[in-house]
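Report on the structure
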Amino acid sequence: MCLGVPGKVTRIDEASIGMPMGTVDFGGVVKEVCMAYVPEAGVGDFVLVHVGFALSRIDEEEAHQVFRTLAEMGELADLGLPRPGSARGREPGTAPERAGRS
Amino acid sequence: MKFVDEYRSEEHARAFLEAIQRTITRPWTLMEICGGQTHTLLKFGIDELLPREITLVHGPGCPVCVTPIELIDQAVEIARRPEVLFTSFGDMLRVPGTRSSLLGAKAAGADVRMVYSPLDAVSLARQHKDREVVFFAVGFETTAPANAMAIYEAARLGLRNFSVLSAHVLVPPAMEAILGSPDNIVQGFLAAGHVCTVMGYREYEPIAEKYRIPIVVTGFEPLDLLHGIWMTIAALEEGRWGVENQYTRSVVRDGNLRAAAILEEVFEVCDRQWRGVGSIPLSGYRLARAYERFDAAARFAVATETAPEPSDCIAGLILQGRKKPNECREFGAGCTPEHPIGAPMVSTEGACSAYYLYGRR
């Protein structure tokens, strides 16, 4: 039930009274969404939508965090520590080493 | 779809799996709170790819599963009234009550309709002024702002023919109940990213401190879960505890303050009965005094009789992470998604339905 789906805001309705609404495109499926909780979101932004309500504006910068974490692990590997992502970081047949943790 | 597909990359998933494998030195038991996360873990086979040292137990984060059978019975009783147009999210319709589900009531002539958003129920109340429109307000903190807004809007519009049957539940008290149990086996939590999108994660900090446990706010895509598991394992291996946030693209520490303000306006915190678990103090919402007139249970004066659970169902143990669905003797035999005995087999977020759908027989 806590399903949240990211979609792109394609229109913000100028609400005169009541709740601010907008139109959100989920990869081709378009829905009317209540924007009251994320008034900072504008056309072109991505929002996380749950049961017809936008709950957050997805932070494009933070969205790279998962991949940055992996890249940083890769850089550790370049410093001679084990490398995630592929077998390239260590000789075939050697046992996996522990990362630089106690 | 952007913000979905890239978090399903096999190459990056393998990188995380290797990182987890390199980090782990001994067995650990983690609980993912949210049933949506359970489904991702099983659908993508992550549970089977993780190192043997990791045991995942599935949390109570399925509102449909924890809604007490008495409340289903109340919903059915209200829905049967001739003046009532009863609305609900789809998941709730098939949950068996003592005698009938809402869908059973519909088949017997009740006007029961599925809605996508609680605002749809408000629209129905505006369209059908001669009917009593009741909305089954179920959900965790993720759904509460939507339900609260519907009530707030009904008040603003002065609707007299709209009410809600409230079955709201809150996550942190349930986590405390699990951690405080003498049988607890959970050593680290993946907290529910969408609950925290609304509420933030300040309220988890004292829990992490008190029980010296890592809690990692985690998203719902495969890479989110692998990242969250890696962060939790890293903390456990280093002997660290506290709250960390994996789902930074949606969650900030304070949550969504606008949503919190409406929740504060419309609801107040109350003790709540959890199906299969029991009563947990301060673990739910009821309508605040100023909105009490929208309480369907009071409006239709339905009785709250305790009802027995189906005797063959071990849903309570599953919801507390003490048994796996395939340890139930009814699993896949007497109990299937088509003919469910217990709620976790009905819900698209239930652990039993996940095990059944993805073949963990």
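Since we're looking at a predicted model, the values are computed, not measured. (Residues numbered from 1 in each chain as written. Chains lettered and ligands numbered in written order. Predicted model: local features only at pLDDT ≥ 70, side-chain atom pairs only at ≥ 80, totals over all residues.)

1. Topic: the overall build of chain B
What counts here: A run of DSSP states H or I qualifies as a helix once it reaches four residues; a run of E qualifies as a strand once it reaches two. Both are numbered from the N-terminal end. Each radius of gyration is computed over the set of C-alpha atoms, and the globule rule expresses the reference value as 2.2 Å times the number of residues to the power 0.38. Any residue whose C-beta has 12 or fewer other C-beta atoms within 10 Å is treated as exposed, any with 20 or more as buried, and any in between as partly exposed, C-beta atoms being built from the backbone.
If you tally the helices and strands in chain B, you get 17 helices and 11 strands. Its C-alpha atoms give chain B a radius of gyration of 20 Å, near enough to 21 Å, the size a compact globule of 361 residues would have. C-alpha atoms of chain B, sized along the principal axes, occupy 65 × 45 × 45 Å. The burial tally for chain B puts 57% of its 361 residues in the buried class.

2. Quick notes on helix 1 (residues 10-23) of chain B
Residue and element names in this part refer to chain B. Stated precisely, the cut-off is as follows: By this rule the span expected of a helix is its residue count minus one, scaled by 1.5 Å.
For helix 1, spanning 14 residues, the distance from its first C-alpha to its last is 20 Å, which sits close to the expected 20 Å at 1.5 Å a residue. With 10 of 14 residues buried, helix 1 is to be regarded as a mostly interior element. Residues of helix 1 that are buried: His12, Ala13, Ala15, Phe16, Glu18, Ala19, Ile20, Gln21, Arg22 and Thr23.

3. Considerations on the domain arrangement of chain B
Residues and elements named next belong to chain B. Operational definition: Either an automatic procedure or a domain database provided the assignment from which the domain bounds are taken. Any residue pair is listed as a contact if its two C-beta atoms, each placed from the backbone, are within 7 Å. Under this grouping Gly is polar, as are all residues other than the nonpolar Ala, Val, Leu, Ile, Met, Phe, Trp, Tyr, Cys and Pro and the charged Asp, Glu, Lys and Arg.
Domain boundaries assigned for chain B yield domain 1 (5-58 + 171-245), domain 2 (65-170 + 258-299) and domain 3 (316-357). Using C-alpha coordinates to define each centre, domain 1 is positioned 22 Å away from domain 3. Taken together, the 11 residues of domain 1 in the interface contact nine residues of domain 3. Residue assignment for the side of domain 1 that touches domain 3 shows that the elements contributing at least two residues are helix 2 (35-43) and strand 2 (54-61). Ranked by residues supplied to the side of domain 1 that touches domain 3, first place goes to helix 2 with five residues. A class-by-class count of the residues in the side of domain 1 that touches domain 3 yields five nonpolar, five polar and one charged.

4. With respect to the sheet that holds strand 4 (residues 111-114) of chain B
Residue and element names in this part refer to chain B. Here is the rule we go by: In this analysis, strands are considered paired if DSSP registers two or more bridges between them. To get an axis, a line is fitted to the C-alpha atoms, and for a helix only the part in contact is used. The angle between two axes follows their N-to-C directions and goes from 0 to 180 degrees.
Here we have six strands laid out as an open sheet, ordered 4-3-5-6-11-10, and mixed in their pairing. Sheet topology places strand 4 and strand 10 (267-274) at the edges, where each strand pairs with a single neighbour. Put simply, the sheet's adjacent strands are angled 25° from each other on average, direction ignored. Relative to strand 11 (residues 278-287), strand 6 (residues 162-169) is paired through two bridges, and the arrangement is antiparallel. Residue pairing across strands places Val169 opposite Gly284, the latter belonging to strand 11. Packed on one face of the sheet, helix 9 (residues 171-180) meets strand 10 and strand 11 and runs near 175° to strand 11.

5. Some points on helix 8 (residues 144-157) of chain B
Residue and element names in this part refer to chain B. End to end, helix 8 covers 20 Å across 14 residues, agreeing with the expected 20 Å (1.5 Å per residue, within 8%). Counting buried positions along helix 8 yields 10 of 14 residues, so the element is predominantly enclosed. Restricting attention to buried positions, one finds in helix 8 the residues Ala144, Pro145, Ala146, Asn147, Ala148, Met149, Ala150, Ile151, Glu153 and Ala154. Directly after helix 8, the chain includes Gly158, whose backbone phi takes a positive value near 70°.

6. Concerning the interface of chain B and chain A
The interface of chain B with chain A comprises 48 residues on the first partner and 38 residues on the second. Those elements giving two or more residues to the side of chain B that touches chain A turn out to be helix 1, helix 4 (63-66), helix 7 (118-127), helix 8, helix 10 (193-199), helix 12 (222-237) and helix 13 (257-266) of chain B. Here the side of chain B that touches chain A gets seven residues from one element, more than from any other, and that element is helix 1 of chain B. Its residues assigned to classes, the side of chain B that touches chain A shows 23 nonpolar, 14 polar and 11 charged.

7. Describing the environment of Cys65(B)
Residues and elements named next belong to chain B. Topologically, Cys65 is positioned in helix 4. Residue Cys65 is classed as buried on the basis of its C-beta count, with 30 C-beta atoms lying within 10 Å. Through-space distance from the C-alpha of Cys65 to that of Phe44 is 22 Å; in sequence the pair is 21 residues apart. Apart from residues lying up to four places away in sequence, Cys65 is in contact with Arg275, Ala315, Leu319, Ala343, Pro344, Ser347 and Gly350.

8. Quick look at the nonpolar core
The line we're drawing: Joining buried Ala, Val, Leu, Ile, Met, Phe, Trp, Tyr and Cys residues through C-beta atoms within 7 Å gives a set, and that set is a nonpolar core.
Counting 147 residues, the largest nonpolar core has Val47(A), Phe53(A), Ala54(A), Ala79(B), Leu165(B) and Ala191(B) as the members making the most contacts within it. With eight residues, helix 12 of chain B is the largest single contributor of residues to this core. Ignoring anything within four residues of it in the chain, the contact list for Ala54(A) reads Val33(A), Cys34(A), Met35(A), Tyr37(A), Val38(A), Ala41(A), Val47(A), Leu48(A) and Val49(A).

9. A short note on the sheet that holds strand 7 (residues 188-192) of chain B
All names here are of chain B. Spatial ordering of the open sheet is given by 2-1-7-8-9, a layout of five strands whose pairing is parallel. With partners counted over all chains shown, the strands left at the sheet margins are strand 2 and strand 9 (242-245), one partner each. With strand direction ignored, the average angle separating the axes of adjacent strands in the sheet is 25°. Taken strand by strand, helix 2 contacts strand 1 (28-34), strand 2, strand 7 and strand 8 (214-218), and its axis lies near 120° from that of strand 1. Lying over the sheet, helix 12 contacts strand 1, strand 7, strand 8 and strand 9, oriented at roughly 165° with respect to strand 8.

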